[in-house]
Amino acid sequence: MKVVNYWEQFLSTGNINDYLAYREGEEAAGSKEDEGARQGAGTDQCYRDDTKG
């Protein structure tokens, strides 16, 4: 199976469909930095001085 480098293909052709194929491949990879949650989000820890755990 031939692996297509959609970014290189887009650079050579300039075709919007090649760019969209590249973006679709990026989204399918599931980059964790795009999930929107920061590290530690949703934890119940509180570091306020005026509260007791």
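What counts and what doesn't
- Residues numbered from 1 in each chain as written.
- Predicted model: local features only at pLDDT ≥ 70, side-chain atom pairs only at ≥ 80, totals over all residues.
- Heavy atoms only, no water.
- Helix = DSSP H or I, 4+ residues; strand = E, 2+ residues; numbered from the N terminus.
- Buried < 20%, exposed > 50% of the residue type's maximum accessible area, 1.4 Å probe, protein only.
- Areas by Shrake-Rupley, 256 points an atom, 1.4 Å probe, with all protein chains shown as cover.
- Phe/Tyr/Trp six-rings, centres within 6.5 Å; stacked < 30°, edge-to-face > 60°.
- Expected span 1.5 Å × (residues − 1).
- Polar contact = N/O pair within 3.5 Å; in protein donor to acceptor, adjacent residues only side chain to side chain.

Draft legend 1. Examining the overall build of the protein more closely. A count of helical and extended segments in the protein gives two helices and zero strands. Here the protein holds 53 residues, and 4% of them are scored as buried. Carbon together with sulfur atoms contributes 46% to the accessible area of the protein, which is approximately 5,500 Å² in total.

Draft legend 2. Main features of the packing of aromatic side chains. Tallying each qualifying case throughout the model produces four aromatic pairs. A centroid spacing of 5.3 Å and a plane angle of 55 degrees characterise the contact between Phe10 and Tyr19, whose relative ring orientation is tilted. For Tyr19, a relative accessible area of 28% translates into the label partly exposed.

Draft legend 3. Expanded view of helix α2 (residues 16–29). End to end, α2 covers 20 Å across 14 residues, agreeing with the expected 20 Å (1.5 Å per residue, within 8%). The opening residue of α2, the one whose side-chain oxygen lies 3.0 Å from the backbone nitrogen of Asn17, is Asn15.

Draft legend 4. Region of interest: the environment of Asn17. Following the sequence through the fold, Asn17 ends up in helix α2. With relative accessibility at 51%, the residue Asn17 sits in the exposed group. Between the C-alpha atoms of Asn17 and Tyr6, which are 11 residues apart in sequence, the distance is 9.7 Å.

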